[in-house]
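Examining the three-dimensional arrangement
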Amino acid sequence: GKLVGTASDDGTARLWCAQSGAQLRVLRGHEESQVWSVGFSNDSARVVTAAEDRTARVWHVKSGKELLCLKRGHEFAVQSASFSPDDTLVASADARK
């Protein structure tokens, strides 16, 4: 089914059923850090989160498990992240001015 992702200031991202509104998964890993964005892969099998802890993390939608933590290259909070059109790359942007 169709999913919706939400970011939170409690260090989590959440996945919801778009039809029923039921919460399906809580993605924990950005401990004590605001999560700024949630982006789905084009096949909806994975999500990427961006957070104040200067990381972007890739998660498996069905299991909720963290697949990858991208923690190099950002000196400031990561405010957004997204998958490339072919789902092979993740682009991220931080709060650098």
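Quick note: structure is the one above.
A short tour of the structure in this document, coming up. (Residues numbered from 1 in each chain as written. Predicted model: local features only at pLDDT ≥ 70, side-chain atom pairs only at ≥ 80, totals over all residues. Heavy atoms only, no water.)

1. Focus: the overall build of the protein chain
A count of helices and strands for the protein chain gives zero helices and nine strands. In the protein chain, the order of α-helices and β-strands from amino to carboxyl end is β-β-β-β-β-β-β-β-β. Expected size for 97 residues packed as a compact globule is a radius of gyration near 13 Å; at 13 Å, the protein chain falls within 12% of this value. Overall, the protein chain is about 40 × 30 × 20 Å in size when its C-alpha atoms are taken along their principal axes. Split into buried and exposed, the 97 residues of the protein chain put 35% on the buried side. Taking the contacts inside the protein chain whose residues are at least 6 apart along the sequence as the reference set, 33% of them involve residues at least 24 apart. Of the roughly 5,900 Å² that the protein chain leaves accessible, carbon and sulfur atoms contribute 48%. Across the protein chain, the centroid of the 13 positively charged side chains sits 5 Å from that of the 12 negatively charged ones. (Helix = DSSP H or I, 4+ residues; strand = E, 2+ residues; numbered from the N terminus. Rg over C-alpha atoms; globule rule 2.2 N^0.38 Å. Buried < 20%, exposed > 50% of the residue type's maximum accessible area, 1.4 Å probe, protein only. Contact = heavy atoms within 4.5 Å. Areas by Shrake-Rupley, 256 points an atom, 1.4 Å probe, with all protein chains shown as cover. Lys, Arg positive; Asp, Glu negative; His and termini not counted. Charge placed at Lys NZ, Arg CZ, Asp CG, Glu CD.)

2. Brief notes about the nonpolar core
Core analysis: the biggest nonpolar cluster contains eight residues, these being Ala13, Leu15, Leu27, Val35, Val47, Ala51, Trp59 and Val61. Of all the secondary structure elements, the ones that give two or more residues to this core are β2 (12-17) and β5 (46-51). Not counting residues up to four positions away in its chain, the partners in contact with Leu27 are Gly11, Thr12, Ala13, Leu15, Val47, Trp59 and Gly64. Residues Ala50, Ala56, Val78 and Phe83 belong to the second largest nonpolar core, which totals seven residues. (Core = buried A, V, L, I, M, F, W, Y, C linked by side-chain atoms within 4.5 Å.)

3. Considering the pairing of β5
In terms of burial, β5 is largely enclosed, as five of its six residues are buried. Looking at chain direction, strand β4 (residues 35-40) and β5 are connected through five bridges and run antiparallel. Counted as the bridge partner of Gly39 is Val48 from β5. In textbook terms, the turn of a hairpin is the stretch between consecutive antiparallel strands, and for β4 and β5 this stretch comprises five residues, one of which, Ser44, has a positive phi near 60°. The pairing of β5 with strand β6 (residues 56-60) spans five bridges and is antiparallel. Pairing of Thr49 across the sheet is with Arg57, part of β6. Between the end of β5 and the start of β6, which pair antiparallel, lie four residues, with Arg54 showing a positive phi angle near 70°. (Pairing = 2+ DSSP bridges.)

4. Observations regarding the pattern of salt bridges
On inspection of all chains with the given rule, the structure shows four salt bridges. Note that Asp10 and Arg14 form a salt bridge whose closest N and O atoms lie 3.3 Å from each other. Under the relative-accessibility criterion, Asp10 is labelled partly exposed at 42%. Between Arg96 and Asp94 there is a salt bridge, with its nearest N and O atoms 3.5 Å apart. Each member of the salt-bridge network shares a partner with another, and the members are Asp53, Arg57 and Glu66. (Salt bridge = Lys/Arg side-chain N within 4 Å of Asp/Glu carboxyl O.)

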